[in-house]
Structure formats: C-alpha cells, structure tokens
Amino acid sequence: MVFRLKSIFTSLIDAFLDLIYNQKCLVCNCSKANTLLCKTCAKDVHYLSVYAHRIYKGVGIYSMAIYRGSVKKLIQLLKFSHRKKAAKVLAELLFEYFKKLDLKEDFIIIYPPSFYLKTMSRGYNHMFLIVKEFSKLSGLKYNSNIIKKIKYTKPQYRARNRKKNIEGSFEILSKEILINNLQNKPFLIIDDITTSGATIEEIINCLILNKITNIKVLTIAKV
Ligand SMILES: [Zn+2]
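Reference entry: report on the structure contained in this document. (Residues numbered from 1 in each chain as written. Predicted model: local features only at pLDDT ≥ 70, side-chain atom pairs only at ≥ 80, totals over all residues. Heavy atoms only, no water.)

Section: the coordination of the zinc ion
Summarising the metal site, the zinc ion is bound by the protein donors C25 (SG), C28 (SG), C38 (SG) and C41 (SG), whose distances to it range over 2.3 Å. With four donor atoms in place around the zinc ion and angles of 103 to 116° between them, the coordination shape is tetrahedral. Mapped onto the sequence, the residues coordinating the zinc ion show the spacing C-x2-C-x9-C-x2-C. Here C41 lies in helix α2 (residues 39–42) and C28 lies in the loop between α1 (2–21) and α2, a separation of 13 residues in the sequence. C28 sits in the partly exposed class, given a relative accessible area of 38%. (Donors = N, O, S within 2.8 Å, 3.2 Å for Na, K, Ca; no water. Tetrahedral: all angles 85-135°; square planar, octahedral: opposite > 155°, others 65-115°. Helix = DSSP H or I, 4+ residues; strand = E, 2+ residues; numbered from the N terminus. Buried < 20%, exposed > 50% of the residue type's maximum accessible area, 1.4 Å probe, protein only.)

Now the structure itself:
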C-alpha cells in the first residue's frame, strides 16, 4: 500500500514536472531544440569504444560512455530528482550503442534488482524504467523475476571493501523457471553505472552457479 501510494505520488510529480518542462532538454533546460536531449548536450556524451571493456569469467562487459557530462546528469536526474523521462533518453542512447556492438542473439534482459526498501523509498526502480524502454526499442524481452536482492548494501562509493559489501546480496528467485525454460538462453545484464564491477560480478557468479553461461553485460556508464 505504502509502495503504491509512493508510486502514484512520484507519477504525479513527474506529470507536474512534464507540464513545466515538456519539450525542454532534460540536461540544460533549453526549449529551442524541442527535444529531451538537445544537440549541444548530445555532444557532451563521452562514448567508449564498441569492444568489451572487461572480461570477467568469460563474460564480456561493455560500457557505453564515461560517467560524466550529459550521461552523468541524466542518471542523476532519474535516480535523485524523479525525472523519469531521463530513462527514455538513456535507453535511446544505450540502444544506439548496442546496435553498433552487432550482438545478434535473442537475449533475455535482466538488471540488478534493488532492495525492496530502496524501491519503496524512491517510488520506482530506475533500472526497470530504463530496461522497459530498451526492450521497446530492441524488441528483446526482459525478466524482472529471476534475481532478487536479499540484503541492503551501502552505495559502492561509500563501501570500504566493495566485493565484501556486495557478497551474497543476490539470490536466484525462480530456479525452476530458470532451469526448465531459460537455461540455454542468452542473457544480457543491463546496469547504469559500473565502478568496481562488484555488483555485476556478483550477478554473473549467481547466474553461473545456476548453469547460465551465455551472458553479456551492457552498462550505461563507467566511472
Ligand atoms: Zn541541452
């Protein structure tokens, strides 16, 4: 109930902000462009190469851009200022990058779940919003019911030992569904920011433990 009220409340805030900011660039607020990301701000996206930037246990980890400029601002707006439309812009940027990777598999998209109290306090899971938009653009299906976060972890930048902080935080929710229907499918993990990579590594470990080995990772930004 609390969750629902919170969700309605944030949607109202979003609708109200839309009234004020509609057709303005989310990053610089300029209205001339009549778009959510103006040309000037689009140039302030610091793209990375289309190669895997890291390999962990055989899994390629790709990052679209460096965490600065417009990408940083858009992620912050989405996470801390209830500007849900930023999810659409980020998904569009990410999809353009994804197309260049030329990964042709019929991936099932998953994303790091947030701890339920965290989702309740924000009113929404920002990664779900990005993935939902990405799914519309790519035609790839997503699944929100495979992995669950079972313990609260401090934000990565505050945690002293990132690996230890995140260890044992995730659990496979529906093992039966996974084993019976999804075990041989390719998985694409989408995340917003990668810092130490500890969260992604923990999810990869969790999947590998459950015999899922065809995995790719796509993150929006790399610190
Ligand atoms: Zn702008």
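Description of the environment of I208
With respect to the secondary-structure elements, I208 resides in helix α9 (residues 198–209). Apart from residues lying up to four places away in sequence, I208 is in contact with K57 and I215. (Contact = heavy atoms within 4.5 Å.)

Considerations on the pairing of strand β2 (residues 59–66)
A large share of β2 lies buried, amounting to seven of its eight residues. Judged from the three bridges that link them, strand β1 (residues 54–56) and β2 form a sheet pairing that is antiparallel. Pairing of Y56 across the sheet is with V59, part of β2. Here β1 folds back onto β2, and the loop between the two strands holds two residues, one of which, K57, carries a positive phi near 50°. Sheet topology note: the β2/strand β8 (residues 215–222) ladder contains six bridges and is parallel. Pairing of I66 across the sheet is with K222, part of β8. (Pairing = 2+ DSSP bridges.)

Some words on helix α4 (residues 85–101)
Between its first and last C-alpha, α4 extends 25 Å over 17 residues, near the 24 Å set by a 1.5 Å rise per residue. Three or more residues of α4 are buried, namely A86, A87, V89, L90, A91, L93, L94, F95, Y97, F98 and L101. Downstream of α4 by one or two residues, D102 has phi in the positive range, about 60°. (Expected span 1.5 Å × (residues − 1).)

Looking at the nonpolar core
Side chains that are nonpolar tend, in soluble globular proteins, to be buried together. Counting residues in each nonpolar core, the largest one holds 45 residues, and the members touching the most others are L74, F98, F134, L188, I190, L218 and I220. Of all the secondary structure elements, the ones that give two or more residues to this core are β2, α3 (69–80), α4, α6 (126–138), β7 (187–194) and β8. Residues within four places of L188 in sequence aside, it is in contact with F98, F107, I108, I109, I110, F134, L140, K216, V217 and L218. F187, I189, I204 and V217 belong to the second largest nonpolar core, which has 22 residues in total. (Core = buried A, V, L, I, M, F, W, Y, C linked by side-chain atoms within 4.5 Å.)

Side note on the pattern of salt bridges
Scanning all chains against the criterion turns up six salt bridges. Across the pair K104 and D102 runs a salt bridge, and its minimum N-O distance is 3.0 Å. With its nearest N and O atoms 3.3 Å apart, the salt bridge here joins E133 to K136. In this pair, E133 and K136 are both assigned in helix α6, three residues apart and thus about one turn of the helix distant. According to the relative accessible area criterion, K136 is exposed, its value standing at 60%. (Salt bridge = Lys/Arg side-chain N within 4 Å of Asp/Glu carboxyl O.)

What to know about the sheet that holds β8
The strand order β1-β2-β8-β7-β3-β4 describes an open sheet built from six strands, whose pairing is mixed. For this open sheet the edge positions go to β1 and β4 (141–142), each flanked by a neighbour on one side alone. Pairing geometry for β7 and β8, over seven bridges, is parallel. Directly across from I189, in β8, lies its bridge partner V217. Contacts from α4 reach β2, β7 and β8, with the element oriented near 130° to β8. Along the sheet, α9 makes contact with β1, β2, β3 (108–110), β7 and β8, crossing β7 at roughly 160°. (Axes fitted to C-alpha atoms, helices over the stretch in contact; angles between N-to-C directions.)

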